[in-house]
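Notes for the structure review
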Amino acid sequence: MSEFDPERTAVVVVDMQNGFCHPDGSLYAPKSEAVVDDVAALVADVRDAGAAVVYTRDVHPPEQFDDAHYYDEFDRWGEHVVEGTWETELVDELDVREDDHVVVKHTYDAFHQTELEGWLDAHGIDDLLFCGTLANVCVLHTAGSAGLRDYRPVLVADAIGAIEADHKEYALEHADWLFGEVTTREEIRFE
C-alpha cells in the first residue's frame, strides 16, 4: 500500500490533451486515449479524499523553436499542441474545476520555467501522484524533476499512457530505480 496525507498530496495530470489523446490529434497515441477513464477515476478518488488536483498543458507558441540552437521539438515531433489550437485543450472527459491548478508548460518538464514549484510549496504539498501521458517523455521528465526538488514522486502505473508498451515499462522501471515510486490506483490509501 502507498499511504498519503491528503493535505500534503496532489495528483499531477500530465498533458491529457486533445493533441495526444484524441484520434484527430497530431501526436495521437491510442495508449494515451486508453487511460483517459483511469485518469478521470484517479482524479475523482484524489478529489474525494481532499487532495489537490494539478493539470499540465503542453503548449507551444508557433515561433518557439525559430531560434533554437540545438533542440527543436517541431523538428523531432512535427508541429503539435500549437498555442491557440484545439489540440492544447484538456480532453472533455476530465472534470476540470475552478479550484484545480492548471500549469501551462513549453517543454517536457512541468517545473521548467513555470510556477508549479511555487504553487506546490505555497499549498504545503510534498507528495505527488503522477498520471497522464507520455510515460517516457513528459511524465518521466516532470516526475524526475519533482524528485530532484525533494518532492515524493509516485507514478500511478494504470493511469499513464505511452506510444509503445515498452516505453511505459522503461519509464516506470527507471522512475522506481532512480528517483521515485510506482503504484496503482488500487494501492493508494489516504490517511
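Every chain is numbered independently, its residues counted from 1 as its sequence is written. Only residues with pLDDT of at least 70 get local features here, since the model is predicted, and only at 80 or more are side-chain atom pairs given and counted; chain-wide, interface and lining totals rely on the full set of residues. To get the side-chain values, take all heavy atoms of the structure and skip hydrogens and water.

**Comments concerning the pattern of salt bridges**
Formally: A side-chain nitrogen of Lys or Arg and a carboxyl oxygen of Asp or Glu constitute a salt bridge if their distance falls within 4 Å. Counting from the N terminus, the helices are DSSP H or I runs at least four residues long and the strands are E runs at least two residues long. Burial classes: relative accessible area under 20% of the type maximum marks a residue as buried, over 50% as exposed, and values in between as partly exposed (1.4 Å probe, protein chains only).
What the rule picks out here adds up to ten salt bridges. Residue arginine 185 pairs with aspartate 45 through a salt bridge whose shortest N-O separation is 3.1 Å. Taken together, the positions of arginine 185 in the loop between strand E7 (181-183) and strand E8 (188-190) and aspartate 45 in helix H3 (residues 36-49) put the pair 140 residues apart, joining distant regions of the chain. Given the relative accessible area of 26%, arginine 185 is considered partly exposed. Aspartate 58 serves as the salt-bridge partner of lysine 105, at 3.4 Å between the closest nitrogen and oxygen. Of this pair, lysine 105 sits in strand E4 (residues 101-105) while aspartate 58 sits in strand E3 (residues 52-58), and the two are 47 residues apart along the sequence. On the basis of relative accessible area, lysine 105 is assigned to the buried category, the value being 0%. Shared partners join several salt bridges into a network, and the residues in it are Arg47, Asp95, Arg97 and Asp100.

**Points about unusual backbone geometry**
Negative phi is the rule for most residues except glycine; trans is the rule for most peptide bonds. Between threonine 133 and leucine 134 the backbone carries a cis peptide bond, its omega angle lying at -15 degrees. Despite not being glycine, valine 81 has its phi angle at roughly 35 degrees, a positive value. Tracing the backbone through its elements, the reader meets valine 81 in the loop between helix H4 (73-77) and E4.

**Points about the state of the cysteines**
Convention followed: Note that a disulfide, as used here, is simply two cysteine sulfur atoms within 2.5 Å.
For the structure on display, the rule yields zero disulfides. This cysteine, cysteine 21, is not joined by any disulfide, and cysteine 131 carries the nearest cysteine sulfur, 11 Å off. Given the relative accessible area of 4%, cysteine 21 is considered buried. We classify cysteine 131 as buried; its relative accessible area is 0%.

**Observations regarding helix H7 (residues 165-178)**
Basically, it comes down to this: Every helix has an expected span of 1.5 Å times one less than the residues it contains. Taking the helix axis as origin, the arc is that swept by the directions to the C-beta atoms.
Here H7 contains 14 residues, and its C-alpha end-to-end distance of 20 Å stays within 8% of the 20 Å for a straight helix at 1.5 Å per residue. All of the buried residues along H7 are Lys168, Ala171, Leu172 and Ala175. Summarising the axial view, the buried residues of H7 lie within an arc of 95 degrees, below the 170-degree limit, and thus occupy one face. Across from the buried face of H7, at angles greater than 90 degrees, the exposed residues are Asp166, Glu173, Trp177 and Leu178.

**Points about the sheet that holds E3**
Working definition: the strands of a sheet are paired by backbone hydrogen bonds and lie parallel or antiparallel to each other. Note the cut-off: Paired strands, in this sense, are two strands between which DSSP finds at least two bridges. With axes taken as lines fitted to C-alpha atoms, and helix axes fitted only over the stretch in contact, angles between N-to-C directions fall between 0 and 180 degrees.
With respect to topology, six strands assemble into an open sheet ordered E4-E3-E2-E5-E6-E7, the strand pairing being parallel. Looking at which strands have only one partner, the edges of the open sheet turn out to be E4 and E7. Neighbouring strand axes in the sheet, compared pairwise and without regard to direction, differ in orientation by 25 degrees on average. Here strand E5 (residues 127-132) runs beside strand E6 (residues 152-160); their pairing, made up of five bridges, is parallel. Considered in E6, the bridge of aspartate 127 is made with arginine 152.

**As for the nonpolar core**
Put simply, the rule is: The nonpolar core is taken to be a set of buried Ala, Val, Leu, Ile, Met, Phe, Trp, Tyr and Cys residues, with the residues joined through side-chain atoms within 4.5 Å. Here, two residues are considered to be in contact whenever any of their heavy atoms come within 4.5 Å of each other.
Within the largest apolar cluster, 31 residues are counted, with the highest numbers of intra-cluster contacts made by Val54, Phe111, Leu116, Leu120, Leu128, Phe130 and Leu155. Listed by contribution, the elements that provide at least two residues to this core are strand E2 (9-14), helix H5 (116-122), E5, helix H6 (135-148), E6 and H7. Take this core: its biggest share by element is seven residues, from H6. Residues in contact with leucine 120, not counting those within four places in the same chain, are Ala10, Phe111, Ile125, Leu128 and Tyr151. One finds Cys21, Leu42, Leu90 and Ala159 within the second-largest nonpolar core, a separate group that totals 25 residues.

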